[in-house]
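# Coordinate inspection notes
Residues per chain are reported as follows:
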Amino acid sequence: MKRPVFLFLSIVLALSLVLGGCGKGAGNTESSKKNDGSTGVSGEKGQSLLDQVPQDYELPIVEEPFTLTFATAEDMEAVAASRSYAQTLPAFEELEKRTGIHVKFEVTLPDQYNTTIQTRLAAGKDLPDIVRLPDDPVRYAKGGLVIPIDELIGKFAPNILNLFKERPEVMKALVAPDGRIYSLSAVVDARSMVNFAGMGMRKDWLEKLNLKEPETIDDWFDVLKAFKDGDPNGNGKADEIPFIATNIQALYRFAWSYGLHLVQSQGWYFDEEGKVVYEWIDPRMKEWLQEMNKWYEAELLDPDMTASQDADKYTAKAIGDIGGAASAHTMQFPQWNERMAKDLPHARWEGIVPPKGPYGDRMLEKEQPTENIHYAITRDCKDPETVIKWLDYMFASKEGQILVGNFGIEGLSYVMKDGVPHFTDLILESELGTGIAQASLGMNGNFPRILMKECIEQRFHRYENEVAQSNKATQYYVPSFPRVLASEEEIDTYVGIMTDIDTYKDEMITKFIQGKEPIENFDKYVQAIEAMGIEEAIAIKQAQYDRYMEQ
Amino acid sequence: MNRRSPLQRLNKLKLDNFKRNIKRDRYLLVLVAPVIIYFFVFSYIPMYGAIIAFKDFSPGDTILNSKWVGLKWFKDFFRSIYFGRLITNTFLLSALNLLFNFPIPIIFALLLNEVRRERLKRAVQTISYLPHFISLVVVVGIMSNFLSPTDGIINNFLVRIGMEPINFMGEPAWFRPLYIASGVWQNFGWNSIIYMAALTSIDPNLYEAARIDGCNRWKEILYITLPGIMPTAIMLLILALGNLMNVGFEKIILMYSPATYSVADVISTYVYRRGILGAQYSFGSAVGLFNSLINFILLLTVNRISRRYTQIGLW
């Protein structure tokens, strides 16, 4: 009899803990709201932020031992080198020596990170000082979970402010609809100068079949057709798959030739007058679909692409002398070549610039300046001033950029030549590859950082041809549709409309390309999307775009 | 003692009885306690969170603090042009699944029961329930490899005998058969265990008596074995019907693509795309609540029907 009573008591106890916890959470919200009121009096907005003169700080930032907690996703490249951010990696050890601040990373594997942190944020208790958010900061800011940092930057972060002055687009991507800044993101667009997201093909097949590198979209069709019929792998069987892809989105890059921006901008773009257009229902879309259907009917496209092929199988085709062309980042191709070197020494995948379309369109969407991952300071942070200084140093100062963002420790992983850091052989000649070697020291992980062009250029120093192609591609770059933080109402309305439209659109695009839906029905497709309320979604995007342009 | 009224005495008697029962069953009560605690903590306490279906919840708000919005999310869901298709797909996939997944384990258990060689029986049983332990990701991976139109063995075979390769995983018509067949393959052995257990509880004397009365093996099955496992079967059927609107969504997420949305998109995958990827937790809960309501009504109805016609029911 004693035991059931004991159990009952423990249930009651557990219940009171749970309920008590909730009560405490509510109290926290109120107190943080109060805090908001007292610090936000000046009503400083993002725009006037640039006029402020922050005070400089001296290193070390703190005299007393200080531990900062930072929840983020594990860097898989560090894992590949049998390291983890749960340990203090060399770059952060050095950072600690300089700043006096010890960082305790709370890391989770990337595929589980969002689930884990979402639960912690929903509970809203015992949050780390800095958190990598699972999505846009606006939602979390509204609940008071993360604190605004624009004033902190204005007062204490000279380097971040400099970054904002030099590159306003970085700041614009961070300004919330209420005009405040709640988060920082890694600045990564330097990589698109060296490693562009385009397409590539087997150059040796081209040579074997006496073909030229395709310049226009029609050339592409001819080349792929020749790959199919000309037996370029020479095994006597027509087993070549001219264009390999994991899914149908690989074809979106050919829409560039029709002046459509489906890759980085996801079909949202602006015309000359600054009016936002939903390109999925644009008449040019019909022409692109017709062309893709032509490719599909001619059996030039990977048949596995309509059923979301897994990456291993796709790679097997690429390096198995089966695939002839693909959409990928340029630096993917030398990696494939290295894996083929043993069995097929003549094989040569090479990146090429996108083709010209029927009306002379030739372009590439440039990557967004920042990663769409936000790092914010939470309401549980005891000393935001110290934390913002630390962020300022590690993220935006020249030394910090070099140390944790890119090159690591002088004398160990880099040396200075002519005022420019150069990787040592520890990185460049590492058996693990430059990326993993870099990660093993704690650089370039999941935290705010600025990717330096020198860093990425040196990492890919072996691939002169790809670097040259990337440089060639830069002349075709057009900006992507800016990523603007949406207000919660905007998100709710937008998601409500777009879930249905996206479902319908994805389904219909696939059907048009497969020819299961005759292209004559394109007008019906447009009407259906209009009937689903696309106008309202366009209005939301327009408001966001206008907000962006006004800043 | 004497001064107590009869009612008081009766109450005292009841209380004594209660105490005695508890004392007698104390170990059983301890045994069942973890289960009760489990359901209390993980099923009953979280129920209060269902109110966010009527609220506009965002992380950082507490559940109690967020704003009431009434039936907004329900209306949103009903207004979706895919509402009809989602309901149909969910219902069809689930019903077809039940249609095959329910009788096959019973038939398998009956067949296995007739096997007289004990070692063969054990071996077959073990092999048949092994697939149950394979992760869904792996099962779907195996499927897409075997069925690939470029180098899958099934299609290689089809091509060799002079047929056109079929894009199984990208063809809407093939989605349901594949989903159900792979489910049967994975679970029929495992699901038959409970029937095997029910079979062993049938009194062997009944079979002996039947044989004396001149029954053959077929009639034994018909008149003794089947009625013997009927209560178990009906119980499981009622429970399964109560879950009719819950389709295992992990497997669909792994299997589907825009090419097969038309038959594969079910309520849970739609909620996943909108509620989780779009971070609309309130919307997700509203649809979940709606789903549970249908399941609950189904469960009540089926239970009532079953009680009326077979006298077997959950309560």
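You'll find the structure just up there.
So, here is what we can say about the structure in this document.

The next point concerns the overall build of chain A. The helix and strand tally for chain A stands at 23 helices and 14 strands. Taking the principal axes of its C-alpha atoms as reference, chain A extends roughly 75 × 70 × 60 Å. Of all 551 residues assigned to chain A, the portion counted as buried reaches 57%. Within chain A, contacts between residues separated by at least 24 positions form 76% of all contacts whose residues are at least 6 apart in sequence. On chain A, the mean spot of the 58 positive side-chain charges and the mean spot of the 88 negative ones are 4 Å from each other.

A word on the nonpolar core. Residue and element names in this part refer to chain A. Residues Trp288 and Tyr525 are the most contacted members of the largest nonpolar core, which totals 71 residues. Among the elements that take part in this core, helix H21 (residues 488-514) stands out by supplying eight residues, more than any other. In contact with Trp288, other than residues within four places in its own chain, are Leu251, Tyr252, Phe254, Ala255, Tyr258, Leu260, Leu262, Ile509 and Ile513. Among the nonpolar cores identified, the runner-up in size contains 63 residues, and Leu161, Leu174, Met394 and Ile427 belong to it.

Let us now look at the interface of chain A and chain B. In this complex, chain A contributes 44 residues to the contact, which on the side of chain B involves 46 residues. Contact between chain A and chain B buries roughly 3,600 Å² in total, counting both sides, with carbon and sulfur atoms accounting for 58%. Our count for the chain A to chain B interface comes out at two salt bridges. Here Arg85 of chain B and Glu507 of chain A are joined by a salt bridge, their closest N and O atoms 2.9 Å apart.

All names here are of chain A. The mixed open sheet is built from four strands, whose spatial order is E2-E1-E3-E11. At either end of the open sheet lies a strand with only one pairing partner, and these are strand E2 (101-108) and strand E11 (375-377). For this sheet, the mean inter-axis angle between neighbouring strands, taken without regard to orientation, is 20°. One ladder, built from three bridges, connects strand E3 (residues 130-132) with E11; its direction is antiparallel. Note that in E11 the partner of Val131 across the bridge is Ala376. The sheet contacts of helix H5 (residues 110-123) involve strand E1 (66-73), E2 and E3, and relative to E1 the element is tilted by about 120°.

With that settled, the discussion passes to the packing of aromatic side chains. Residue and element names in this part refer to chain A. Taken as a whole and judged by the stated rule, the model has 53 aromatic pairs over all chains. A ring pair is formed by Phe254 and Trp295, whose centres lie 4.9 Å apart and whose planes are at 70°; its orientation type is edge-to-face. One end of the pair, Phe254, is in the loop between strand E5 (241-244) and strand E6 (268-270); the other, Trp295, is in helix H12 (residues 283-297), with 41 residues separating them in the sequence. Between Phe460 and Tyr463, the ring centres sit 6.3 Å apart and the planes meet at 40°, which makes this aromatic pair tilted. The residues Phe460 and Tyr463 share a single accessibility class, namely buried.

This next bit is on the sheet that holds strand E8 (residues 323-329) of chain A. All names here are of chain A. If you trace the four strands from one edge of the open sheet to the other, you get E5-E8-E4-E9, paired in mixed fashion. Among the strands making up the open sheet, the edge pair consists of E5 and strand E9 (349-352). For this sheet, the mean angle separating the axes of adjacent strands, direction not counted, is 25°. The sheet contact formed by strand E4 (residues 197-202) and E9 spans four bridges and is antiparallel. What sits directly across from Arg202, in E9, is Trp349. Here helix H13 (residues 311-319) sits on the sheet in contact with E5, E8 and E9, set at roughly 135° to E5.

We now examine the pairing of E1 of chain A. Residues and elements named next belong to chain A. For E1, the tally of buried residues reaches seven of eight residues, placing the bulk of the element in the interior. Two elements, E1 and E2, share eight bridges in a ladder whose sense is parallel. Following the sheet pairing, Ala71 is matched in E2 by Glu106. Sheet topology places E1 next to E3; two bridges connect them, and they run parallel. Across the sheet, the residue bridging to Phe70 is Ile130, located in E3.

Definitions and limits used
Residues numbered from 1 in each chain as written. Chains lettered and ligands numbered in written order. Predicted model: local features only at pLDDT ≥ 70, side-chain atom pairs only at ≥ 80, totals over all residues. Heavy atoms only, no water. Helix = DSSP H or I, 4+ residues; strand = E, 2+ residues; numbered from the N terminus. Buried < 20%, exposed > 50% of the residue type's maximum accessible area, 1.4 Å probe, protein only. Contact = heavy atoms within 4.5 Å. Lys, Arg positive; Asp, Glu negative; His and termini not counted. Charge placed at Lys NZ, Arg CZ, Asp CG, Glu CD. Core = buried A, V, L, I, M, F, W, Y, C linked by side-chain atoms within 4.5 Å. Buried area = accessible area lost by both parts, 1.4 Å probe. Salt bridge = Lys/Arg side-chain N within 4 Å of Asp/Glu carboxyl O. Pairing = 2+ DSSP bridges. Axes fitted to C-alpha atoms, helices over the stretch in contact; angles between N-to-C directions. Phe/Tyr/Trp six-rings, centres within 6.5 Å; stacked < 30°, edge-to-face > 60°.

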